[in-house]
Amino acid sequence: MAEGESSSGLLGAIRDKLIARKQAWAEEKRLITGRAGVREVDRLPPGQRLVRDWPVLDLGVQPAIPRERFRLIVDGLVENPVVLDWAGVMALPQSENVSDIHCVTAWSRLDNRWGGVKAKDLIAQVRPRAEARFVLFQSSDGYTTNVPREAFEDDDVMLAHTWEGAPLDRRHGGPLRVVIPKLYFWKSAKWLRRITFSAEDKPGFWEVRGYHNHGDPWREERYG
Ligand SMILES: Nc1nc2c(c(=O)[nH]1)N[C@H]1C(S)=C(S)[C@@H](COP(=O)(O)O)O[C@H]1N2
Ligand SMILES: [Mo]
């Protein structure tokens, strides 16, 4: 037997240990995500890392809004301004959409199944005027954020009251939050209270504090 092949001796002992560890990994299916066939790399914008939990970010208050006291105001440059109570929200067409979350603090969470009202179904109801080029969201905690009208009109934008089949948790903005998958998650207002269409853009809470006005994760528009 040649020297290097000996499984006695120091080298042999180390090699046996390495093999045993790999074998143990294989047995416990270590690193297997159960997501074979999904090319996650292509779904992660620059500088983002995947999380499997769901972090909570807020300004230190998580308002409690019972459904019977819920009101959503949709106003500004629209033909048909509305104030919707909870029944009014539920009377709009109900949809589902699966999308990814990209937070500016660098975590991304894939495949979130949202239930609620598509923004475009609400927009069809209120009929914004041609001059209404911007949208401002106001929330019950005082938070605001702004997007161009086209960003809000996108087919994947939701006013979500359901997440993975269950009512959206208060910590995550329930009873109703915005979800705009193509922009960083700070654009997705939680505890939604008011949607205002205007001719002028009005930077929101983080936008006046150094965040990018638009916030496209694929272009890494983190800071303005
Ligand atoms: N009303 C309100 N909406 C908000 C925020 C907030 O503080 N208040 N934070 C924003 C930010 S910075 C992020 S990353 C997401 C966090 O949503 P989550 O707590 O459900 O993960 O909500 C966004 N919407
Ligand atoms: Mo964020």
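As shown above, the structure is provided for reference.
Reading the values: the criteria
- Residues numbered from 1 in each chain as written.
- Chains lettered and ligands numbered in written order.
- Predicted model: local features only at pLDDT ≥ 70, side-chain atom pairs only at ≥ 80, totals over all residues.
- Heavy atoms only, no water.
- Helix = DSSP H or I, 4+ residues; strand = E, 2+ residues; numbered from the N terminus.
- Rg over C-alpha atoms; globule rule 2.2 N^0.38 Å.
- Buried < 20%, exposed > 50% of the residue type's maximum accessible area, 1.4 Å probe, protein only.
- Areas by Shrake-Rupley, 256 points an atom, 1.4 Å probe, with all protein chains shown as cover.
- Lys, Arg positive; Asp, Glu negative; His and termini not counted.
- Charge placed at Lys NZ, Arg CZ, Asp CG, Glu CD.
- Near = heavy atom within 4 Å.
- Polar contact = N/O pair within 3.5 Å; in protein donor to acceptor, adjacent residues only side chain to side chain.
- Nonpolar A, V, L, I, M, F, W, Y, C, P; charged D, E, K, R; others polar.
- Core = buried A, V, L, I, M, F, W, Y, C linked by side-chain atoms within 4.5 Å.
- Contact = heavy atoms within 4.5 Å.
- Arc of directions from axis to C-beta.
- Pairing = 2+ DSSP bridges.
- Axes fitted to C-alpha atoms, helices over the stretch in contact; angles between N-to-C directions.
- Patch = residues over 30% accessible without salt bridge, like charges linked within 9 Å, V, L, I, M, F, W, Y side chains within 5 Å.
- Salt bridge = Lys/Arg side-chain N within 4 Å of Asp/Glu carboxyl O.
- Phe/Tyr/Trp six-rings, centres within 6.5 Å; stacked < 30°, edge-to-face > 60°.
- Lys NZ or Arg CZ within 6 Å of the ring centre and 35° of its normal.

Novice: Please provide a residue-by-residue account of the overall build of the protein, values included.
Specialist: The number of helices and strands found in the protein is four helices and 11 strands. Radius of gyration (C-alpha) of the protein: 24 Å, far over the 17 Å computed for a compact globule of 224 residues. Dimensions of the protein along its principal axes, counting C-alpha atoms only, are 90 × 35 × 35 Å. Classification of the 224 residues of the protein by burial places 45% in the buried group. About 12,200 Å² of surface is accessible on the protein, with carbon and sulfur atoms providing 53% of the total. Side-chain charges of the protein comprise 34 positive and 32 negative groups, with the mean position of each set lying 3 Å from the other.

Novice: An account of the site of ligand 1 is requested, with residue identities and associated values reported.
Specialist: Lining the immediate environment of ligand 1, one finds 20 residues, of which Pro55, Asp141, His172, Arg177 and Lys190 sit closest. At 2.9 Å from an oxygen atom of ligand 1 is found a main-chain nitrogen or oxygen belonging to Leu57. Separating an oxygen atom of ligand 1 from a side-chain N or O atom of Arg177 is a distance of 2.7 Å. In isolation ligand 1 offers 530 Å² of accessible surface; the protein chains occlude 98% of this area. Considering only residue class, the shell around ligand 1 consists of 13 nonpolar, three polar and four charged.

Novice: So what about the nonpolar core? Which residues, and what values?
Specialist: In this structure, Leu72, Phe137, Phe152, Leu159, Ile195 and Phe197 are the most contacted members of the largest nonpolar core, which totals 32 residues. When residues of this core are traced back to their parent elements, those giving at least two are strand S2 (72-76), strand S3 (82-84), helix H2 (86-91), helix H3 (119-126), strand S6 (134-139), helix H4 (149-153) and strand S11 (192-198). Here the element with the most residues in this core is H3; it accounts for four residues. When near neighbours in sequence (up to four residues on either side) are disregarded, Phe137 contacts Tyr143, Thr144, Thr145, Val147, Phe152, Val178, Ile180, Lys187, Ala189, Leu192, Arg194 and Ile195. By size, the runner-up hydrophobic cluster in this structure holds 11 residues, among which are Ile101, Trp107, Met158 and Leu168.

Novice: Explain H3 residue by residue, including any values.
Specialist: Within an α-helix, residues lying three or four positions from one another point in the same direction, as the helix has 3.6 residues per turn. Within H3 the residues assigned to the buried category are Ala119, Leu122, Ile123 and Val126. Buried residues in H3, looked at end-on, bunch into an arc of 100°, giving them a common side. Packing partners of the buried residues in H3 comprise S2, S3, strand S5 (107-118), H4, strand S8 (158-163) and S11. Arg127 sits one or two residues past H3 and shows a positive phi near 55°.

Novice: Give a detailed account of the sheet that holds strand S7 (residues 144-148), specifying residues and quantitative values.
Specialist: Spatially, S3-S2-S11-S6-S7 is the arrangement adopted by the five strands of the open sheet, whose pairing is mixed. The open sheet has two edge strands, S3 and S7, and neither has a second partner. Taking each pair of neighbouring strands and ignoring which way they run, the sheet shows an average axis angle of 15°. Sheet strands touched by H3: S2, S3 and S11. Its angle to S11, the strand with the most contacts, is close to 60°.

Novice: Please set out a nonpolar patch on the surface residue by residue, giving values where relevant.
Specialist: A cluster of nonpolar side chains, Leu10, Leu11, Ile14 and Leu18, forms an exposed patch at the surface whose accessible area comes to about 440 Å². As for its placement among the helices and strands, Leu18 is situated in helix H1 (residues 9-27). According to the relative accessible area criterion, Leu18 is partly exposed, its value standing at 41%.

Novice: Would you mind going over the packing of aromatic side chains in detail, with residue names and values included?
Specialist: Applying the stated criterion across every chain yields a total of 12 aromatic pairs. For the pair Tyr143 and Phe205, a centre-to-centre distance of 5.9 Å together with 35° between the ring planes defines the contact as tilted. Of this pair, Tyr143 sits in the loop between S6 and S7 while Phe205 sits in the segment after S11; the two residues are 62 residues apart in sequence, bridging distant segments of the chain. On the basis of relative accessibility, which here comes to 9%, the residue Tyr143 falls in the buried class. A centroid spacing of 6.0 Å and a plane angle of 65° characterise the contact between Tyr211 and Tyr223, whose relative ring orientation is edge-to-face. A residue pair is termed long-range when its members are at least 10 positions apart, and Tyr211 in the segment after S11 and Tyr223 in the segment after S11 qualify at 12 residues. By relative accessible area, Tyr211 is classed as buried at 17%. Through a chain of ring-to-ring contacts, three or more aromatic side chains come together here, namely Tyr143, Tyr184, Trp186, Phe205, Trp206, Tyr211 and Tyr223. Across the ring face of Trp86, the terminal group of Arg67 is positioned such that the distance to the ring centre comes to 4.9 Å.

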